[in-house]
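One letter stands for each residue in the lines below.
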Amino acid sequence: VIRMLSLFTTDGLTAHAPISGMGSVPVGGSTALVTNIYLNAPDADGISVAALAGEIITTAAGYIAIIVLTGALVLRAARDRAFGRLSSNFITAISIVLLVTTAVSVGLRILGLNGAFASVGEFDMFNRQQIANDAIPVYLVAVGIGALGIIFRRGEKLQRDTEGLV
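Definitions and limits used
- Residues numbered from 1 in each chain as written.
- Predicted model: local features only at pLDDT ≥ 70, side-chain atom pairs only at ≥ 80, totals over all residues.
- Heavy atoms only, no water.
- Helix = DSSP H or I, 4+ residues; strand = E, 2+ residues; numbered from the N terminus.
- Expected span 1.5 Å × (residues − 1).
- Buried < 20%, exposed > 50% of the residue type's maximum accessible area, 1.4 Å probe, protein only.
- Contact = heavy atoms within 4.5 Å.
- Polar contact = N/O pair within 3.5 Å; in protein donor to acceptor, adjacent residues only side chain to side chain.
- Pairing = 2+ DSSP bridges.
- Axes fitted to C-alpha atoms, helices over the stretch in contact; angles between N-to-C directions.

A.B. asks: What exactly am I supposed to notice about helix α5 (residues 136-161) here?
C.D. replies: An α-helix turns once every 3.6 residues. As a result, residues three or four positions apart point the same way. Given a rise of 1.5 Å per residue, 26 residues ought to cover 38 Å, and the 38 Å separating the end C-alpha atoms of α5 matches this to within 8%. Those residues of α5 lying buried are Ala142, Gly149, Phe152, Gly155 and Glu156. Buried residues along α5 sit against α3 (85-119).

A.B. asks: Which parts of the structure should I look at to understand the side chain of Thr101?
C.D. replies: Within the secondary structure, Thr101 is located in helix α3. Classification of Thr101 by relative accessible area gives buried; the value is 13%. There is a polar contact of 2.7 Å between the side chain of Thr101 and the backbone oxygen of Val97. Here Thr101 is in contact with Thr58, Thr59 and Gly62, once residues within four sequence places are set aside.

A.B. asks: Sorry if this is basic, but what is going on with helix α2 (residues 46-78) here?
C.D. replies: With 33 residues, α2 ought to run about 48 Å at 1.5 Å a step, and its terminal C-alpha atoms sit 47 Å apart, in line with that. Backbone geometry just after α2 places Asp80 at a positive phi near 60 degrees.

A.B. asks: Sorry, what's going on with the pairing of strand β3 (residues 24-27) here?
C.D. replies: Successive residues of a regular strand alternate their side chains across the two faces of the sheet. Bridge analysis of β3 against strand β4 (residues 30-33) gives 4 bridges, and the strand direction is antiparallel. Each bridged residue has a counterpart across the sheet, and for Val25 the counterpart in β4 is Ala32. Taken together, β3 and the strand that follows it, β4, pair antiparallel across an intervening segment of 2 residues, in which Gly28 is found at a positive phi of about 60 degrees.

A.B. asks: Just checking my understanding: could you explain the sheet that holds strand β5 (residues 36-41) for this structure?
C.D. replies: In sheet architecture, strand pairing relies on hydrogen bonds along the backbone and comes in two forms, parallel and antiparallel. One open sheet accounts for 3 strands, arranged β1-β2-β5; its pairing is antiparallel. Looking at strand neighbours, the two that pair on one side only are β1 (8-9) and β5, the edges of this open sheet. Across 2 bridges, the pairing between β1 and strand β2 (residues 12-18) is antiparallel. Bridging from a neighbouring strand, Thr9 pairs with Gly12 of β2. Relative to β2, α3 is tilted by about 115 degrees, and along the sheet it contacts β2 and β5.

Spelled out as structure tokens, the structure:
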């Protein structure tokens, strides 16, 4: 909610973006390297505004879905049903939701920032690559969780195959 409210100001759209090649700014007796800015874009088009708002909504919905799925998985584990088909499905769903949410959020953020910066005439100022690079650890975690889902499926199959042997 706070991110959504900070997106819309009395000056129009306010977008936060990593920037490249901006140099330094004097701070006290020292200098600081500028790597991020808040851009006021009063003339940003509707698609850019919708994309930036959609990025916030997509991220929030993804977080909520992951929390619900993780809670359901923990409840199953607390009831000693960790290696069931449903648990494997929960883990796989967590991985897919994380992967899709991140990919859609990155795409919407870049789309929205392209429009915001273009509306003020500084199209090449922000660092699109940094936005994509920031998502790499999340993609790796999603792949790791997906691998855990495969392990849980194998554990469930092994548990079913060995029932009654002991």
